Amino acid sequence: MIYIEYHSLQHLLHRELVQAKSRLSVQDRQFIRDYRLMRLQNSVYDLEIEMTAQGKPIAKPPHHLAFNHSHSQAHYALAYSDGISDLGIDIEDLDRDVRMHALAKKSFHPDEYQMWQRLDYCREFWFKVWTIKEAVLKAHGLGIRLNLNTLNTHAHPTWGFGRVMHPQLGVFMYQHICLAKSIVTVAYRQDGHHLQPIQLGLYA
């Protein structure tokens, strides 16, 4: 099972957020990292976090808890599991002001772009594709500089899960959770050849 915690940043940071495009402060980012460690230590009491050579936070041996977190301008998500490896998560607000056409032309695989066109430029589908790419790259965690348009997510308009295969990354499964104001995607390395989603536990 993959456990996912989901909060508004306003709730997490215990203050009103200024609705602006500015990044979180250094203090806010440190607070979020401290929160992540506190929540993970509820599962593994003496857990410590170290960084890989590529800068990805991982559980310090002997523990094998996989985890990853993400935040948008208004929401935060934390994913963790002791049953899988190489876990990634991405969250995006569905009302985010983004240059969709410009980014799609640069970062979407031709198959993804054609599907987006057939769907009359559906915002939710755009965010599905974008969060899959981000979650897979975060799950991989090796810092490969990859042209996003070479990563074909095979995203489906209605399916909530799928598989990504890339010669530089390997094979990853992904799953979506569509919420009222945001979309969350988790990705994890696939073991074996079956296309079977893992149970997700969402806590808000």
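Located above this text is the structure these notes cover.
1. Regarding unusual backbone geometry
Between Pro61 and the following residue, Pro62, the backbone shows a cis peptide bond with an omega angle of 15°. Counting through the fold element by element, Pro62 comes out in the loop between strand 3 (57–59) and strand 4 (66–71). For His154, which is not a glycine, the phi torsion comes out positive at approximately 55°. On the secondary structure map, His154 appears in the loop between helix 5 (123–140) and strand 7 (161–166).

2. Some words on the sheet that holds strand 10 (residues 200–203)
Strand order in the open sheet formed by 4 strands is 4-5-1-10, with mixed pairing between adjacent strands. Of all the strands in the sheet, just strand 4 and strand 10 have a single pairing partner and so form its edges. The average angle at which neighbouring strand axes cross in this sheet is 15°, direction not considered. One ladder, built from 6 bridges, connects strand 4 with strand 5 (residues 75–81); its direction is antiparallel. Directly across from Ala66, in strand 5, lies its bridge partner Ser81.

Criteria and cut-off values
- In this numbering scheme, every chain counts its residues from 1 along its sequence in written order.
- Given that this is a predicted model, residues contribute local features only at a pLDDT of at least 70 and side-chain atom pairs are listed and counted only at 80 or more, while totals for whole chains, interfaces and linings are drawn from all residues.
- The side-chain quantities take in all heavy atoms of the structure and omit both hydrogens and water.
- Secondary structure counts use DSSP, requiring at least four H or I residues in a row for a helix and at least two E residues in a row for a strand, with both numbered from the N terminus.
- Note on pairing: DSSP must find at least two bridges between two strands before they are called paired.
- Under this scheme, a helix contributes an axis fitted over its contacting stretch, all axes are lines through C-alpha atoms, and angles between N-to-C directions fall in the 0 to 180 degree range.

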